[in-house]
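Take a look at the letters that make up each chain.
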Amino acid sequence: MAQRTPSGALRDRRGRSASGTRLWTWLMLPGTLWMTGFLIASLILVATLALGTTDPLGNPRFGFNFDNIAAMADPAYRVVLLRSLGFALIACVVCLTVAYPVAYSIALHGGRFKNLLIAAIVVPFFANYLVRMYGWSVVLSDGGPVLKALRAVGLADGHTKILQSGVGVIAGLVYGFIVFMIIPLYAALERMDLSLIEAGRDLYGGPLRTFFFVTLPATRQGAAAGAVLVFLPAMGDFVSAQLMGGPDQIMIGNLIQDKFFQGQNWPLGSALTMLMMAVLFIGMLGYLRRTRKDEAEAAR
């Protein structure tokens, strides 16, 4: 029997790899086309509606009117957009600060309980988002356990409030989306070569310096992915601001909801939606550019 040459075996492996790639491409194609088709159709619908008007009865009418686009220059909308950006960015920072020790502890010290600990974090988030926000608003209410504990230790008085404030909105955003930060960080830490930490301790000495010079740079892609997964939904969220904020804490999502449902002004709501999506698209482009740059540096 003739023995296969190394070059022949290499060609066989490449052929099997190419065949497997084509198989997965065909399997992904139906779902990709389905999601892409509906996304493009909805974007076209919202974009064309943003150029429309409303009739005397409040019904939307397609047209070619730029009044809704010009209305985006209103300072009131700019303030709400900047507030939404600020809340979303602060929520990202708080989520990263809280999620990193959790993910680090589970990935590096969880041992055989890793899967159980991850399940304990993820499973509660299977509950309906609105139900969880209602429960969180009760916990943070004036008579809730958080303020009672703060008053008991002298860190709050009878006038201290968490709800109806920016702190309450950010607390709601963090609680609602922190799991999206924990999972990418855990995955990045799980893939990390632990020998790098040992080498870092030899080079940098203390655990804190090792974390900032070794662990953090090695897991920055996970942190960036988590930041995107938190920022995108937090930017458009309206439930947290509605349940835990006041009139001075409304976000862009609240404005969009109001224009579509209470205000009966779908064209202006569509214009606000396009404005929000443009901001999110810029953020997503920044993340993709950063990812490509990191991959290029890793390939060198």
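Residues numbered from 1 in each chain as written. Predicted model: local features only at pLDDT ≥ 70, side-chain atom pairs only at ≥ 80, totals over all residues. Heavy atoms only, no water.

For the protein, the name recorded in an unreviewed UniProt entry is ABC transporter permease, with Streptomyces nigrescens as its organism. Checking UniProt for the protein, the heading Sequence similarities (unreviewed entry) contains the comment "Belongs to the binding-protein-dependent transport system permease family. CysTW subfamily." Listed in UniProt under the heading Subcellular location (unreviewed entry), the comment for the protein reads: "Cell membrane". (UniProt positions renumbered as here; feature names shortened; annotations may be inferred.)

What follows deals with the nonpolar core. In this structure, Leu173, Ile178, Leu185, Met235, Ile252 and Leu272 are the most contacted members of the largest nonpolar core, which totals 48 residues. Where this core is concerned, the elements lending two or more residues are α3 (75-109), α4 (114-122), α7 (166-177), α8 (179-191), α11 (220-236), α13 (252-262) and α14 (266-299). Considering every element that reaches this core, the biggest residue donor is α3, with 13 residues. Discounting residues that sit within four places of it in the chain, leucine 272 has contacts with Met72, Tyr77, Ile252, Leu255, Ile256 and Lys259. Of all hydrophobic cores here, the second largest spans 10 residues; its members include Leu140, Ala156, Ile162 and Ala171. (Core = buried A, V, L, I, M, F, W, Y, C linked by side-chain atoms within 4.5 Å. Buried < 20%, exposed > 50% of the residue type's maximum accessible area, 1.4 Å probe, protein only. Helix = DSSP H or I, 4+ residues; strand = E, 2+ residues; numbered from the N terminus. Contact = heavy atoms within 4.5 Å.)

Another point: the UniProt feature "transmembrane region" (unreviewed entry) in the protein. Mapped onto this structure's residue numbering, the UniProt feature "transmembrane region" (unreviewed entry) falls at residues 23-51, 85-104, 116-135, 167-189, 210-234 and 268-288. For residues 85-104, helix accounts for 100% and strand for 0%, while the C-alpha atoms at its two ends are 28 Å apart.

Let's shift gears to the packing of α8 against α11. Between α8 and α11, whose axes approach to 8 Å, the crossing angle comes to 165°. Here α8 is positioned roughly antiparallel relative to α11, judged by the angle of their axes. Seen along the crossing, α8 lies across α11 with a hand that is right-handed. On α11, the residues touching Phe180, Met181, Pro184, Leu185 and Ala188 of α8 are Gly222, Ala223, Ala225, Gly226, Ala227, Leu229 and Val230. Looking at side-chain class alone, the contact of α8 with α11 contains 10 nonpolar, two polar and no charged residues. (Axes fitted to C-alpha atoms, helices over the stretch in contact; angles between N-to-C directions. Parallel < 35°, antiparallel > 145°, perpendicular 65-115°, else oblique. Left-handed = near helix turned anticlockwise from the far one by under 90°. Nonpolar A, V, L, I, M, F, W, Y, C, P; charged D, E, K, R; others polar.)

By the definition in use, this model includes three salt bridges. Between arginine 61 and aspartate 55 there is a salt bridge, and its shortest N-O distance comes to 3.1 Å. We classify arginine 61 as partly exposed; its relative accessible area is 42%. On the basis of relative accessibility, which here comes to 19%, the residue aspartate 55 falls in the buried class. Close ionic contact of lysine 114 with glutamate 190 constitutes a salt bridge, the shortest N to O distance being 3.2 Å. Placement of the pair is lysine 114 in helix α4 and glutamate 190 in helix α8, with a sequence separation of 76 residues. (Salt bridge = Lys/Arg side-chain N within 4 Å of Asp/Glu carboxyl O.)

All right, on to the environment of leucine 272 then. In this fold, leucine 272 is placed in helix α14. Judged by relative accessible area, which is 0%, leucine 272 ranks as buried. With 132 residues separating them in the primary sequence, leucine 272 and leucine 140 have C-alpha atoms 31 Å apart.

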